[in-house]
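# Fold and contact review
Below are the chains, spelled out letter by letter.
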Amino acid sequence: MTEAPEYREFTGTQEGFEEIERKYSDSKKTVAVVGQRTDGTYTYFVYKWDITDWEYIGEGYWSPSGIGGFFQDLDSAKTEAYLNLLS
């Protein structure tokens, strides 16, 4: 089996959510995706690069690890999302 990749570019999408910005952690193993919901509020999703099943499935995948609440302004959603990159 080939060596596990450090990470693959995140290509996921969320229904009812328009992505505005994404930011990777320094290690590239976590990504925060910030965007606007169809009701006009802002939220975010956090994903972690997971290779725990590498030997069984032969690849890594982005696993959801956090979701934001509802924010009235983009800056609040971004601040909260990027704090989750550190945790």
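Residues numbered from 1 in each chain as written. Predicted model: local features only at pLDDT ≥ 70, side-chain atom pairs only at ≥ 80, totals over all residues. Heavy atoms only, no water.

### A short note on the side chain of Ser25
Assignment of secondary structure puts Ser25 in the loop between strand E1 (17-24) and strand E2 (30-37). Ser25 gets classed as buried once you look at its relative accessible area, which sits at 11%. Among the polar contacts listed, one links the side chain of Ser25 to the side chain of Ser27, at a separation of 3.1 Å. (Helix = DSSP H or I, 4+ residues; strand = E, 2+ residues; numbered from the N terminus. Buried < 20%, exposed > 50% of the residue type's maximum accessible area, 1.4 Å probe, protein only. Polar contact = N/O pair within 3.5 Å; in protein donor to acceptor, adjacent residues only side chain to side chain.)

### Some remarks on unusual backbone geometry
Phi is positive for Lys28, which is not a glycine, with a value near 70 degrees. As for its placement among the helices and strands, Lys28 is situated in the loop between E1 and E2. Residue class for Lys28 comes out partly exposed when judged on its relative accessible area of 34%.

### Here's the deal with helix H2 (residues 74-84)
By the burial criterion, the buried members of H2 are Ala77, Lys78, Ala81 and Tyr82. Down the axis of H2, the buried side of the element spans an arc of 120 degrees, and every buried residue falls inside it. Among the exposed residues of H2, those pointing more than 90 degrees away from its buried face are Asp75 and Leu83. Of the surrounding secondary structure, the elements contacted by the buried residues of H2 are E1, E2 and strand E3 (42-50). (Arc of directions from axis to C-beta. Contact = heavy atoms within 4.5 Å.)

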